[in-house]
Amino acid sequence: MIATNKFIQHNEYFFKNKNKKKNKIFLIEFNGWQAIHIIFSYVVDFFKNEKDCKIVAYECYDFLNRLDPPWYNKYLWKLGIFLNVKTFKIFKSFGTDHFLKPTYSDLVNEKAEKILKKFYQNKPDLKKLENYKIENIWIGDLIYDSFLKKNYLPSIDIHSQQFKDFFKNSLKLYLFWKNYFNKNKISGICVCHSVYLTGIPLRIAQSKQLDCLSIASYNCDLINLSNSISFKEKNNGSDNHYKYFKEIFLKFSKNNKKKYLNEGKKILHQITSGKKKYFYMKKKTFRLSKFKFSRKKTSKIKVAIYAHDFTDSPHIYGNHFFSDFKSWFDFLDKIIKRTDYEWYIKIHPGENEVTKNEIFKLIKKNDNLNLLEKNFPSNHLTKLGVKFVLTVFGTVASELPVYGIRVINASRNNPHYNYDFSLNPKNLKEYEKLLLNLKGFKGEFNYNKNDLYMYHFIKDLLSKNSFFENTKRYFDFSDKVPLRFTPKIYEYWIEDFNLKIHNRIKLNLKNFIQSKKYLLFNENITIF
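Values in this document were obtained by computation on a predicted structure and should not be read as measured data. Counting restarts for each chain: residues are numbered from 1 in the order of the written sequence. Selection of residues for local features in this predicted model requires a pLDDT of at least 70, selection of side-chain atom pairs for listing and counting requires 80 or more, and totals for whole chains, interfaces and linings are taken over all residues. To get the side-chain values, all heavy atoms of the structure are used, and hydrogens and water are removed first.

**Student:** Give a detailed account of the pattern of salt bridges, specifying residues and quantitative values.
**Tutor:** When a carboxyl oxygen of Asp or Glu is within 4 Å of a side-chain nitrogen of Lys or Arg, the pair counts as a salt bridge. Applying the stated criterion across every chain, the model contains 21 salt bridges. One salt bridge in this structure joins K326 and D330, with 3.8 Å as the shortest N-O distance. With a gap of four residues between them, K326 and D330 both fall in helix α12 (residues 325-338), about one helical turn apart. For D330, a relative accessible area of 33% gives the class partly exposed. The residue E432 makes a salt bridge to R338 at a minimum N-O spacing of 2.8 Å. Here the residue E432 occupies a position in helix α15 (residues 428-436), and R338 occupies one in helix α12, the gap between them amounting to 94 residues. Strands are runs of DSSP state E lasting at least 2 residues, helices are runs of H or I lasting at least 4, and numbering of each runs from the N terminus. Between buried and exposed lies partly exposed: a residue is buried under 20% and exposed over 50% of the maximum accessible area for its type, with that area taken using a 1.4 Å probe on protein chains only.

**Student:** Give a description of the sheet that holds strand β11 (residues 369-372) that names residues and reports values.
**Tutor:** Within a beta sheet, neighbouring strands are joined by backbone hydrogen bonds and run either parallel or antiparallel to one another. Pairing between two strands requires that DSSP report at least two bridges joining them. In space, the five strands of this open sheet follow the order β11-β10-β9-β12-β13, with parallel pairing throughout. Of all the strands in the sheet, the pair left with one neighbour each is β11 and β13 (406-408). Each neighbouring strand pair of the sheet contributes to a mean axis angle of 25°, computed without reference to strand direction. Summarising the sheet, strand β12 (residues 388-390) and β13 pair through three bridges and their orientation is parallel. What counts as an axis is a line fitted to C-alpha atoms, over the stretch in contact for a helix, and the angles between N-to-C directions run from 0 to 180 degrees.

**Student:** For unusual backbone geometry, give the residues involved together with the corresponding values.
**Tutor:** Of note, the phi angle at D52 is positive, near 55°, even though the residue is not glycine. Mapped onto the secondary structure, D52 falls in the loop between α2 (34-49) and β2 (53-58). In the Ramachandran plot, D239 falls in the positive-phi region, its phi being about 55° despite a non-glycine side chain. Mapped onto the elements of the fold, D239 is located in the loop between β8 (222-224) and α10 (245-250).

Right under this line is the structure:
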């Protein structure tokens with residue numbers, strides 16, 4: 001509470017309103033995440049005082065909550081605004097003018113019902129759902145991932161009443177926002193999540209070519225999605241930093257390139273040997289210590305499946321060969337039965353009951369599929385004789401090549417697609433052919449090692465958030481909880497604050513927003 005109050009006082013002192021008449025509106029997503037509050041304070045300051053916008057913070061989680069909100073929830077919202085308490089007070093402290101909670105008229109309800117009936121008249125399936133567009137605005141992937149998250153499910157029964165009700169509510173949310181954009185002069189929007197239903201107003205804003213900012217889940221930094229969402233490529237623009245790695249690296253001098261490649265090699269070694277973990281991970285996935293396990297002595301090709309979290313936004317990078325991870329498992333079940341490989345499957349580090357249940361179902365259906373616990377260190381795969389690993393878009397594709405393991409991705413929208421250090425089939429047909437013919441791979445795995453070192457150097461470089469320079473200090477964990485989502489980060493922020501940092505952030509942010517480019521590069525080399 002003390003840290004929160006100090007942060008509020010800090011905002012009230014350093015972010016002043018110029019009191020101009022404001023006809024335009026800038027939207028921000030109302031949220032309880034402390035690190036995002038710090039970033040929002042600067043975004044709001046820019047749009048309020050440089051663009052003369054009224055700041056409106058909107059609620060976006062009612063349809064995402066596991067339990068439907070109680071009838072009195074709307075009154076608690078109004079009471080919080082009136083009393084100016086908790087998160088409302090924080091948002092007020094950095095310049096929020098108004099708070100908005102979507103409401104739905106009888107007319108909106110009727111329209112949503114008509115659209116729902118039309119959708120089901122076209123014999124929908126999961127592919128049609130994830131590609132669903134309304135008034136030429138792509139929202140199907142957002143609805144898909146939101147339903148899985150809300151209901152804690154591995155996949156969707158598209159004809160269930162449960163999903164139909166959710167789909168109708170999602171349409172109501174879309175209609176509310178479309179009407180709001182049509183009735184008001186909107187300058188832009190900044191969201192916490194560009195995936196889930198929270199992305200619906202963002203997609204509408206993008207269709208109108210407005211400023212579309214988002215917080216990246218990769219490093220909690222600010223990104224600009226105004227030109228990055230592509231239905232044609234089935235790419236939602238979220239966490240697309242990897243698309244700029246080569247462009248960034250090319251801007252360095254020849255001498256620096258050589259130095260940074262060596263640094264990238266060092267970073268990769270630290271990760272894959274177990275000396276270091278990624279800043280966003282709770283635990284290491286590689287290990288220095290010995291790990292006991294039994295190994296079968298066979299000459300069969302050995303393949304390991306690296307499971308994803310089934311309920312955590314399968315469309316994070318866009319659409320893939322499979323609509324969700326359950327569909328991927330169903331496909332792999334057929335591949336396992338058609339091959340004479342020795343199969344393994346590893347539990348996801350952030351395991352949950354839904355994912356574990358699907359893993360055990362797959363194991364139960366296949367006697368030649370062996371379980372690797374979540375704490376099994378990836379650098380011990382070679383001791384099992386594993387030569388291939390399967391993922392949809394996982395980070396292992398940029399880690400296991402150093403052990404001579406070929407990682408096969410199940411998506412064109414994955415961070416490693418433009419490199420040869422993992423295998424990237426172009427479509428489902430090519431993916432299937434590849435999996436059925438692993439015997440065709442002979443000898444050692446040869447790939448461009450410099451590309452792999454470059455990839456890890458730039459990935460590490462971009463982990464340095466443009467607002468929080470000391471990544472470890474701000475992005476560490478306390479009792480398994482990320483510090484950036486606790487009031488402790490307010491305390492750190494005020495301790496580290498000075499006018500030099502304040503003015504640098506304001507200037508960089510202004511240049512970044514006006515540039516319309518995707519990301520702001522922390523080291524002040526340039527904007528990309």
